[in-house]
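Summary of structural features
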Amino acid sequence: MTELSMTQSAHPKVGTTGADAEKRLKARYRAEKRFRAYGLVSIAIALLFLAVLLASIIAKGASAFTQTFIELPVTFDAETIDPDGSREHSALSAADYRTLINAALEKKFPEIAGDRTAKRDVQRLVSQGAELELRKMVLADPKIIGTSAEIWLPASSAADQVLKGNAAHDESSGLSEGALAKLDLLKAAGTLKRRFNTYLFTNGDSRQPELAGLIGAVVGSFYSLAITIALSFPLGVAAAVYLEEFASKNRWTDLIEVNINNLAAVPSIVFGLLALEIFLNVLGLPRSAPLVGGLALTLVSLPTIIISARVALKAVPPWIREAAQGLGASRQQMVMHHVLPLAMPGILTGTIIAMARAIGESAPLLMIGMVAFVVDIPATPVDPATALPVQVYLWAASPERAFVERTSAAILVLLACLAVMNATAIYLRKKFERRW
Amino acid sequence: MISEAQSTTPASRPASDAVKMRATGANVYYGEKHALKEVNLEIKSHEVTALIGPSGCGKSTFLRCLNRMNDLIEGARVTGEILLDGHDIYDKDLDVVHLRARVGMVFQKPNPFPKSIYDNIAYGPRIHGLAKSGPDLDEIVISSLERAGLYAEVKDRLNEPGTGLSGGQQQRLCIARAIAVSPEVILMDEPCSALDPIATAKVEELIDELRENFTIVIVTHSMQQAARVSQRTAFFHLGELVEVGATEKIFTNPQHKLTQGYITGRFG
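Just so you know, these numbers come straight off a predicted model, no measurement behind them. For every chain, the first residue of the written sequence is number 1, and numbering continues from 1 onward in sequence order. Labels follow written order: the first chain is A, the first ligand is 1, and so on. Per-residue local features are limited, in this predicted model, to residues with pLDDT of at least 70; the limit for side-chain atom pairs, both in listing and counting, is 80 or more; totals at the level of whole chains, interfaces and linings are taken over all residues. To get the side-chain values, all heavy atoms of the structure are used, and hydrogens and water are removed first.

1. A look at unusual backbone geometry
Residues and elements named next belong to chain B. The test is simple: The secondary structure listing takes helices from DSSP runs of H or I that are at least 4 residues long and strands from runs of E that are at least 2 residues long, numbered from the N terminus.
Even without being a glycine, D85 presents a positive backbone phi close to 50°. The backbone phi angle of S182 is positive, close to 50°, even though this residue is not glycine. Looking at the element boundaries, S182 is found in the loop between helix 7 (167–179) and strand 7 (185–189).

2. Here's the deal with the sheet that holds strand 1 (residues 66–75) of chain A
Residues and elements named next belong to chain A. Filter applied, for reference: Strand pairing requires that DSSP identify at least two bridges connecting the strands. Each axis is a line fitted through C-alpha atoms, and for a helix only the stretch in contact is used; angles between axes span 0 to 180 degrees, taken between their N-to-C directions.
The antiparallel open sheet is built from three strands, whose spatial order is 2-1-3. The open sheet is flanked by strand 2 (148–154) and strand 3 (192–196), the only strands paired with a single partner. Going across the sheet, the axis of each strand differs from the next one's by a mean of 40°, ignoring polarity.

3. Observations regarding the confidence of the model for chain A
Rule in force here: The pLDDT value expresses, per residue, how confident the predictor is, ranging between 0 and 100. Contacts are assigned to residue pairs with any non-hydrogen atoms lying within 4.5 Å of each other.
Of all residues in chain A, 96% have pLDDT values of 70 or greater, and the mean over the chain is 88. This stretch, residues 1–9 of chain A, has a pLDDT under 50; its non-local contacts, to residues over four places away or in other chains, come to two contacts.

4. Observations concerning the interface of chain B and chain A
Where we set the bar: In this description, buried area is defined as the sum, over both parts, of the accessible area (probe of 1.4 Å) that is lost when the two are combined. By salt bridge we mean one thing: a side-chain nitrogen of Lys or Arg within 4 Å of a carboxyl oxygen of Asp or Glu. Polar contact criterion, stated in full: a pair of N or O atoms within 3.5 Å, where within protein one must be able to donate a hydrogen and the other to accept it, and residues adjacent in sequence count only if both atoms are side-chain atoms. Any residue that is not Ala, Val, Leu, Ile, Met, Phe, Trp, Tyr, Cys, Pro, Asp, Glu, Lys or Arg is counted as polar, Gly included; the first ten are nonpolar and the last four charged.
Tallying the contact residues gives 23 residues for chain B and 21 residues for chain A. Of the roughly 1,800 Å² buried at the junction of chain B and chain A (both faces included), carbon and sulfur atoms supply 61%. The interface formed by chain B and chain A includes one salt bridge. As a salt-bridge pair, E322 of chain A and R64 of chain B come within 2.4 Å of each other at their nearest N and O atoms. Counting across the chain B and chain A interface gives five residue pairs in polar contact (both at pLDDT 80 or more). Classifying every residue of the side of chain B that touches chain A by side-chain character gives 12 nonpolar, five polar and six charged.

5. Considerations on the side chain of S144 of chain B
All names here are of chain B. Here is the rule we go by: Per-residue accessibility, obtained with a 1.4 Å probe over protein chains only, is compared with the maximum for each type, and a residue is labelled buried under 20%, exposed over 50%, and partly exposed between these values.
With respect to the element layout, S144 can be found in helix 5 (residues 135–147). By relative accessible area, S144 is classed as buried at 2%. Within polar-contact distance, the side chain of S144 engages the backbone oxygen of I140 at 2.7 Å. When residues no more than four places from it in sequence are discounted, the contact partners of S144 are I121, A176, I179 and A180.

6. Comments concerning the pattern of salt bridges
Taken as a whole and assessed by the stated rule, the structure comprises 25 salt bridges over all chains. The salt bridge partner of E42 of chain B is R22 of chain B, with a shortest N-O separation of 2.4 Å. Separated by 20 residues along the polypeptide, E42 of chain B in strand 2 (residues 33–44) and R22 of chain B in strand 1 (residues 19–30) bring together distant segments of the chain. Residue R126 of chain B is joined to D119 of chain B by a salt bridge in which the shortest nitrogen-to-oxygen separation is 3.3 Å. Connected through shared salt-bridge partners, D160, K164, E405 and R406 of chain A make up one network.

Below, the structure written as C-alpha cells:
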C-alpha cells in the first residue's frame with residue numbers, strides 16, 4: 001500500500017502544477033461560483049415572494065384607509081330631535097337621527113319627494129354611521145339644535161366600493177340604477193370626498209363594513225400580549241436560570257429538557273384546548289377574555305422563551321463564572337451580577353421573537369372563544385374581545401365586498417405591529433450588547 | 001497573627017516553616033478518571049510554591065482543590081484532607097464563599113469582567129461587604145491597583161472597561177482584583193501563558209513582591225519561570241506528586257529520575 005501511494009504521488013498527473021492541475025483548479029472555482037449562485041437565486045426567490053405578498057396586500061388594503069363622505073345639508077330640527085325641549089342627555093341620545101338624514105337627502109334631491117323607491121335608493125348611499133355622527137355632534141354641543149349646516153357624512157360601503165372601483169358600476173354592487181345615477185350626480189357636483197378612514201382605528205367591529213374598526217382587536221391583542229409578557233418572561237427566565245445554573249444534571253433534568261423542547265413543537269391549537277379545559281372549564285375564568293387569551297399564549301410562548309434563554313445563558317463564557325466564583329461570589333451572586341446581565345440581550349431577543357409569534361397566533365384564541373363578534377372596545381382584560389389575527393380571520397370570512405379591503409388593511413396593521421416589535425428587538429440587542 | 005509578624009521581615013529571609021495549607025492523601029476523581037492520586041503537600045506561608053509537570057499531570061487539578069474550584073465541575077469528587085491554617089476546607093460547616101475570599105485565584109486567561117476597571121476591583125470588596133461605595137472603596141481600589149503595579153498606567157481611566165486593556169495589563173488587573181479582598185493565599189493557574197515576555201516579566205516581578213504579604217501557589221509550564229519566582233517546587237506526573245523540595249534543589253539536584261527527565265527536557 002505504501003509503495004503504491006508513493007508511486008501515485010510521484011506521478012506527474014496528480015501534481016499541483018501542470019495543465020491537469022490547472023483544470024482541477026478551474027473546476028473548483030466553477031463549483032464555488034455555482035454554489036454562490038444557488039444562494040443568490042434562493043434569496044432572490046424569497047425576496048420575490050415577499051414582494052408579491054406585500055404588494056398584493058398593500059394593493060388590496062390601501063383603499064381601506066380612506067372612506068368616502070357625502071356632503072348633505074342637514075337641519076338639526078328641534079321637533080325631531082327633542083320635541084319636549086328638555087335637552088336631556090337621554091332624550092338627545094335616543095332621538096331619531098335617521099329622519100334628519102332622510103330630510104337632508106330630500107332637500108338635496110327634491111325630485112325624489114313622493115317616490116318611495118327613489119327615496120330608498122338614495123338612502124342606501126348614506127351609511128348608518130351618519131346617524132351616529134349627527135348624534136355625536138348634538139351631544140357634544142346641544143346648541144346646534146335648530147340650526148342647519150352642510151355636513152360631511154360617511155357614505156355606505158356599497159357607494160364607497162363603487163367609487164373606489166372595487167365594485168362594478170352596476171346592480172351587482174348592491175345599488176340600484178337610480179342610486180348609481182344619484183351617486184354620479186353627487187360626484188359631478190363635488191359633494192363627494194375621500195377622507196382618511198378614522199373609523200378603522202377608532203371603532204370596534206361592526207356589521208357595517210364602513211363602520212368596522214380594529215381598535216377592539218388591537219386593545220384585545222394588547223391586553224393578551226401584556227399578560228403574556230408579564231407571565232412568560234419571568235417564568236421562562238427563572239426556569240431557564242434554574243435549569244442552566246442551579247439544577248444538577250441528572251435523569252430528571254434531562255427529562256424536563258426533552259419535554260420543553262417537545263412543547264416548543266406542539267401545535268398551538270393544542271395549547272388552546274388545554275387552556276379551554278383548565279382556565280375555562282376548571283377554573284371558570286370568563287370566556288372570550290384577553291386574560292385567558294394571554295394565559296393561553298403564555299403556554300405557547302414559554303417553551304420558546306425557556307429554550308432561547310438557556311441558549312443565551314450557555315453562551316456566557318465559562319471564565320466569567322470562574323472569575324466571579326474565584327472571588328467568592330455565591331452562585332446566586334454570580335448569576336445575578338454577571339451571567340444574567342450578559343445573557344440579557346439574547347434573552348430579550350428570544351422573548352420578543354416569542355412575543356411576535358404570540359401576537360400573530362390565532363388558533364389557541366379560537367379555542368377559548370376570542371373569535372366572537374365583539375362591538376365594544378374591551379375596557380379591562382376580562383371583557384370579551386378579539387385579537388388582531390382573529391379579526392383578520394373574521395373579516396376574511398365576511399361576505400360583504402368592503403371587508404375584502406379591510407381584511408388586507410388589518411393584515412397591514414398586524415404586520416406593522418410585528419415590524420415595530422422586531423425593530424424593538426434589534427434596538428434592545430444593540431443597546432445591551434457587550435463585548436468580551 | 002503569625003503571617004503579619006513575618007511580613008515585616010525582608011523577602012530574602014530563609015524560608016519559614018509555618019505551614020499555611022496542607023494536603024494529606026488528596027485524591028480527585030472526574031467521574032471514573034482518577035486525576036489526582038494520594039497527594040501529600042505542604043504550602044508554606046509567604047513562599048511561592050510552583051507546581052510543575054507535563055500536561056494532564058494533575059497540577060491544575062490540585063491547585064483547584066485548594067479553593068474548591070473543583071466543586072464547579074460536574075462529577076468531580078475530592079477525598080482526603082486539605083487544611084488551611086489547620087482547618088479542613090472540605091468540612092461541611094465551612095462556607096465555600098468565605099474560603100474563596102481567603103484563598104483567591106488568578107486564571108490562565110486574563111478574565112476581567114466586562115465592566116469598568118474600577119468595578120472590576122470593587123466587585124470583591126462589595127460582595128464581601130468589606131466596604132460600601134465611597135472613599136473606603138476608592139481606597140481599596142487604588143491600593144489594590146498600586147500593589148498590582150497597575151495604578152500608574154490606568155489612573156486616568158478607571159471608568160473605562162477593563163477588557164480594553166492589553167493582555168498583560170488585564171492579567172495584572174485580575175491580580176489586583178484578587179488582592180482587593182485581602183486573601184491569605186493566591187492561587188495562580190499559568191498566569192503568564194497568554195502573555196508576551198515583557199508582560200510576563202512584569203507579572204513575575206509582581207509575584208515576587210506579593211510574596212511579602214501573601215502565600216502564593218503557581219502552576220506553570222515554564223520551568224524557567226518556576227526557577228525564577230518560586231522558593232519551593234513540586235513536580236507532578238500522571239496525577240502523582242513525584243517530588244517536592246526547595247526550588248534550587250529540584251532544579252540542580254533532583255532526587256527522582258522522572259523529575260530529572262522533565263527538567264532537562266527529555267519529556268513533557
